[in-house]
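# Observations on chain architecture
Residue-level listing of the chains:
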Amino acid sequence: MPGGHVCEACAAGAVTSANDAEADPLYAYIDTGSMQCLNESAEHPLSHCVKPESQRLDTSKFLESDADEQLIIRIPFTEAVKIKYICVSGGSDGAAPEKLKLFVNREDIDFDNVEDTKPVQELELAPHVGHDVDYPLNYSRFQCVRTLEIFIPSNFGDDVTRMYYLGFKGKGTNVRLLWRQVPFPTDVDCT
């Protein structure tokens, strides 16, 4: 790593800040008014951690789980996107997410079926490392993403899970989505 930076997250294949010309922040493509989170705290909702990249270091607002450590997050996009990295900044003292299970275009995911549904990709996250971390995704599996569903089954031992920042990097496809009114065609080529 540049400058000799080595941490547990970087050793696991993540990078502290992806400087990739092929990957732009995707916040502008998120339909923030339609985001959903199951088991979020009313005081600390999903909208507190999904924010512009320029606000990623702001720890005054965060997402926190409510009844236990599990969360299911649904991120809808305004157009189909290609996601190359997911960026996570978790809480300290065991509250950071330990694992993410990612699902693409599966709006039916809930606590009744998530354990029995095979994710597109699973990520093992590093414990809180004091900064946000970009985790690379299997890019070929995230090419035409209309919604991204994220299941957080556990954290590093706290009663609740806490995230200060959740972001995405990749590219838009210019395939505009009107799927809330009209079913999305399954034969759309997002390449």
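Calculation rules
Residues numbered from 1 in each chain as written. Predicted model: local features only at pLDDT ≥ 70, side-chain atom pairs only at ≥ 80, totals over all residues. Heavy atoms only, no water. Phe/Tyr/Trp six-rings, centres within 6.5 Å; stacked < 30°, edge-to-face > 60°. Helix = DSSP H or I, 4+ residues; strand = E, 2+ residues; numbered from the N terminus. Buried < 20%, exposed > 50% of the residue type's maximum accessible area, 1.4 Å probe, protein only. Lys NZ or Arg CZ within 6 Å of the ring centre and 35° of its normal. Salt bridge = Lys/Arg side-chain N within 4 Å of Asp/Glu carboxyl O.

This next bit is on the packing of aromatic side chains. All chains considered together, the criterion is met by 3 aromatic pairs. Judged by centre distance (6.4 Å) and plane angle (75°), the ring pair of F111 and F151 falls under edge-to-face. Remark: F151 occurs in strand β8 (residues 145-152) and F111 occurs in the loop between β5 (99-104) and β6 (121-124); sequence separation between them is 40 residues. Residue classification places F151 among the buried residues on the basis of a relative accessible area of 0%. Lying over the aromatic face of Y139, K84 brings its terminal NZ or CZ to 5.4 Å of the ring centre.

The next subject is the pattern of salt bridges. It is possible for side chains of opposite charge to pair when their charged atoms get near one another. In the structure shown here, the tally under the stated rule is 8 salt bridges. Residue E122 is joined to K99 by a salt bridge in which the shortest nitrogen-to-oxygen separation is 3.8 Å. Here E122, found in strand β6, pairs with K99, found in strand β5; they are 23 residues apart in sequence, far enough to count as distant. The class for E122 is partly exposed, based on a relative accessible area of 42%. Here K99 ties to E124 by a salt bridge, and the two come within 3.5 Å at their closest N and O atoms. With a gap of 25 residues between them, K99 in strand β5 and E124 in strand β6 connect regions that are remote in the sequence. Since its relative accessible area comes to 51%, E124 is described here as exposed.

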